[in-house]
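# Residue-level structural notes
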Amino acid sequence: MGAVLTQNTSWSNVEKAIAKLRAEDALSADNIATVAKFKLAEWLRPVGYFNLKAQRLQNFCRWYLAAGGFKLLCVVETEALRRQLLTVNGIGFETADDILLYAFERPVFVIDAYTRRLFSRLGLIQGNESYKALRMLFEWSLPPDPALYGEYHALIVRHAKSPCASRPACEKCALRARCSAALGSE
DNA sequence: GTCCTGTCTG
DNA sequence: CAGACGGGAC
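Residues numbered from 1 in each chain as written. Chains lettered and ligands numbered in written order. Predicted model: local features only at pLDDT ≥ 70, side-chain atom pairs only at ≥ 80, totals over all residues. Heavy atoms only, no water.

## A look at the packing of aromatic side chains
Within the structure shown, the criterion is met by nine aromatic pairs. Each ring, one from F93 and one from Y131, has its centre 5.6 Å from the other, and the planes form 25°; the classification is stacked. Note that F93 is positioned in helix 8 (residues 93–103) and Y131 in helix 10 (residues 131–141), a separation of 38 residues in sequence. Residues F138 and Y152 carry aromatic rings whose centres are separated by 6.2 Å and whose planes lie at 85° to one another, so their mutual orientation is edge-to-face. Of the two residues, F138 is situated in helix 10 and Y152 in helix 11 (residues 146–161); the sequence distance between them amounts to 14 residues. (Phe/Tyr/Trp six-rings, centres within 6.5 Å; stacked < 30°, edge-to-face > 60°. Helix = DSSP H or I, 4+ residues; strand = E, 2+ residues; numbered from the N terminus.)

Set out below in structure tokens:
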């Protein structure tokens, strides 16, 4: 659910919405699938796009329940599970892979806007490659370890939030000696 | 390309 | 107070 709520939204806001769902005793697929949409939207207010995300969260929870829940989904092979996730309206490439990695612990490397920005500045990618091309690049370059992928992705996010922000602070960046974007600013 | 559209950061 | 924010659908 966090994967849907964090679309174009910082995680600190997602935590508020999840705390609200918990306080309303609504943090379950059954409750979210059946609650009135306007109510759910009100609880999701902190994440922005709350009407849109209320619909998407219900779409996801209804799919999840129809599929038989976590234990049944756990035996589905990764590619097939990704295809199923992508049939849900509101789940795209990144959200599907977030769920595959963090909920199902599959060795799937999540690509996001931060990954594109950081690695294109480093000079390691162009930045406009397809989602799948970038995912394959990372998965070919690293051992298929879900814990490693999760930590790596989290570190990309952290780095892209502070030194490698849209307005970068290259003088404070530990990677500046290896970064093609930083060389020009020395 | 446009819409969705609240909160945090600098 | 402007811009950014772990996107996706149309």
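## With respect to the packing of helix 8 against helix 11
It is the contact of helix 8 with helix 11, at a shortest axis distance of 9 Å, that shows an interaxial angle of 125°. By the criterion of interaxial angle, the relationship of helix 8 to helix 11 is oblique. For the pair helix 8 and helix 11, the contacting residues are D98, L101 and Y102 in the first and P146, Y149, G150, H153 and A154 in the second. The residue inventory of the contact of helix 8 with helix 11, partitioned by class, reads five nonpolar, two polar and one charged. (Axes fitted to C-alpha atoms, helices over the stretch in contact; angles between N-to-C directions. Parallel < 35°, antiparallel > 145°, perpendicular 65-115°, else oblique. Contact = heavy atoms within 4.5 Å. Nonpolar A, V, L, I, M, F, W, Y, C, P; charged D, E, K, R; others polar.)

## Observations concerning the domain arrangement of chain A
Here chain A is partitioned into domain 1 (2–103) and domain 2 (113–183). Computed over C-alpha atoms only, the centres of domain 1 and domain 2 are separated by 26 Å. At the junction of the two partners, domain 1 supplies eight residues and domain 2 supplies eight residues. For the pair domain 1 and domain 2, the summed buried surface comes to about 620 Å²; carbon and sulfur atoms form 52% of the total. Its largest share of buried area at the contact with domain 2, domain 1 owes to D97, L101 and Y102, together 54% of the area lost on that side. Counting across the domain 1 and domain 2 interface gives one salt bridge. A salt bridge links D97 to R135, with the nearest nitrogen and oxygen atoms 3.5 Å apart. In this structure, the connection of domain 1 to domain 2 is made through four residue pairs in polar contact (both at pLDDT 80 or more). Of the residues forming the side of domain 1 that touches domain 2, the biggest block, six residues, is contributed by helix 8. (Domains from an automatic or database assignment. Buried area = accessible area lost by both parts, 1.4 Å probe. Salt bridge = Lys/Arg side-chain N within 4 Å of Asp/Glu carboxyl O. Polar contact = N/O pair within 3.5 Å; in protein donor to acceptor, adjacent residues only side chain to side chain.)

## Quick notes on the pattern of salt bridges
The full count for this structure, using the stated rule, is six salt bridges. Bridged by salt links that share partners, the residues E79, R82, D97, R135 and E139 form one connected network.

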